[in-house]
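Commentary on secondary and tertiary structure
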Amino acid sequence: VGRKLDFLTQELNRETNTIGSKCQDLDITRIVVDMKAEIEEEAEKILSQITPDMSDYEIVKLFHDSVIISCKYSGEAENPNTIYGCLVDKEALCQAYSQTFTYLCHRAGIKTLVVLGVANEPHMWNIVEMGGDYYHIDLTWDDPDRSRNPDSVRYDYFGLTDERIRELRQVDDYEYEVPAANGTKYQYYSYNDLVAADTEEAKAIITREALKAAENGSSTVQFMCADSEAFDEITSALFSNAQGNVI
């Protein structure tokens, strides 16, 4: 599996290399070299934050958060489907989010691959290895409405299993071997003790996380309801306009 993931990553990273190697125009070649240098510069800003004691989970979360915070989802981006668009232009679509995450993971020695499917429309996300198990992760769908929460990052699609992702969207068949994403430890909300089964648990989580948010200068608190019954109870008691099962 590792060799196949490495091959896929190399394919994703060919976009500027191919243009440069086949081009006979010196000016265009220089542009490609400059683009590669800009990509490397922006990537290094993220990669340089990795420390020797960081776990796979912590590195993956760093990449997840860094891309989401720096890049705006936009169909009007100049380079919407490229790593350059995501890291340098900081405006891109799902393909660029996914490829950028793959590129960063490859640089850090973390196995990942691209997943294709349909989530309202054709879509691309990732499977990533953390602690020896594989998980689905979707940076695009974890990118919130920046106009409402400019400093916020969601984690609804951080660490999902094959079973859960197939409940939420259509996943394309693969022409290559794909590891089963059956890991459960690093599902974000459960790993961080952010799952509430009733109103009292929700209140405790909100109190604890609100204090953390105040200390960190964050404007949001997030947690997940254990099931639909818990969601109905908690939202009835605390909220009037919540949607889904993540608050």
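I will try to describe carefully the structure that is included in this document.

Rules behind the numbers
Residues numbered from 1 in each chain as written. Predicted model: local features only at pLDDT ≥ 70, side-chain atom pairs only at ≥ 80, totals over all residues. Heavy atoms only, no water. Salt bridge = Lys/Arg side-chain N within 4 Å of Asp/Glu carboxyl O. Helix = DSSP H or I, 4+ residues; strand = E, 2+ residues; numbered from the N terminus. Buried < 20%, exposed > 50% of the residue type's maximum accessible area, 1.4 Å probe, protein only. Expected span 1.5 Å × (residues − 1). Axes fitted to C-alpha atoms, helices over the stretch in contact; angles between N-to-C directions. Left-handed = near helix turned anticlockwise from the far one by under 90°. Contact = heavy atoms within 4.5 Å. Phe/Tyr/Trp six-rings, centres within 6.5 Å; stacked < 30°, edge-to-face > 60°. Lys NZ or Arg CZ within 6 Å of the ring centre and 35° of its normal.

A word on the pattern of salt bridges. In this structure the tally under the stated criterion is 12 salt bridges. Residue Lys212 is joined to Glu209 by a salt bridge in which the shortest nitrogen-to-oxygen separation is 3.4 Å. In this pair, Lys212 and Glu209 both sit in helix 9 (residues 199-216), three residues apart, roughly one turn of the helix. Looking at Lys212, the relative accessible area reads 39%, which means it is partly exposed. The buried category is assigned to Glu209, whose relative accessible area is 14%. Sharing partners across several salt bridges, the network here consists of Asp193, Arg208, Glu209 and Lys212.

This part is about helix 6 (residues 94-108). The first and last C-alpha atoms of helix 6 sit 21 Å apart over 15 residues, in line with the 21 Å expected at 1.5 Å per residue. With 11 of 15 residues buried, helix 6 lies mostly within the body of the structure. Of all the positions in helix 6, only Cys94, Ala96, Tyr97, Ser98, Gln99, Thr100, Phe101, Thr102, Tyr103, Leu104 and Cys105 are classed as buried. At the C-terminal side of helix 6, Gly109 shows a positive phi close to 80°.

Attention now moves to the packing of helix 4 (residues 56-70) against helix 6. As a packed pair, helix 4 and helix 6 sit with axes 10 Å apart at the nearest point and diverge in direction by 145°. Both helix 4 and helix 6 take part in a crossing whose hand is right-handed. Between helix 4 and helix 6, the contacting residues are Ile59, Val60, Phe63, His64 and Val67 on the first element and Tyr97, Thr100, Phe101, Leu104, Cys105 and Ala108 on the second.

This paragraph deals with the environment of Leu211. With respect to the helices and strands, Leu211 occurs in helix 9. Overall, Leu211 belongs to the exposed group, its relative accessible area being 54%.

Attention now goes to unusual backbone geometry. Although it is not a glycine, Asn120 sits at a positive phi angle of roughly 75°. Relative to the helices and strands, Asn120 resides in the loop between strand 3 (112-119) and strand 4 (121-130). Notably, Asp193 is not glycine yet its phi reads approximately 55°, a positive angle. For Asp193, the location among the structural elements is in the loop between helix 8 (188-191) and strand 8 (195-196).

Here we take up the packing of aromatic side chains. A full pass over the atoms with the stated rule returns 11 aromatic pairs. For the pair Tyr73 and Tyr97, a centre-to-centre distance of 6.3 Å together with 55° between the ring planes defines the contact as tilted. Of this pair, Tyr73 sits in strand 1 (residues 72-73) while Tyr97 sits in helix 6, and the two are 24 residues apart along the sequence. Among the aromatic residues, those joined into a cluster by ring pairs are Tyr57, Tyr135, Tyr155, Phe158, Tyr186, Tyr188, Tyr189 and Tyr191. Cation over ring: Arg169 sits above Trp125, and NZ or CZ is 4.5 Å from the ring centre. Sitting over the face of the ring of Trp141, Arg169 holds its NZ or CZ atom 4.8 Å from the ring centroid.

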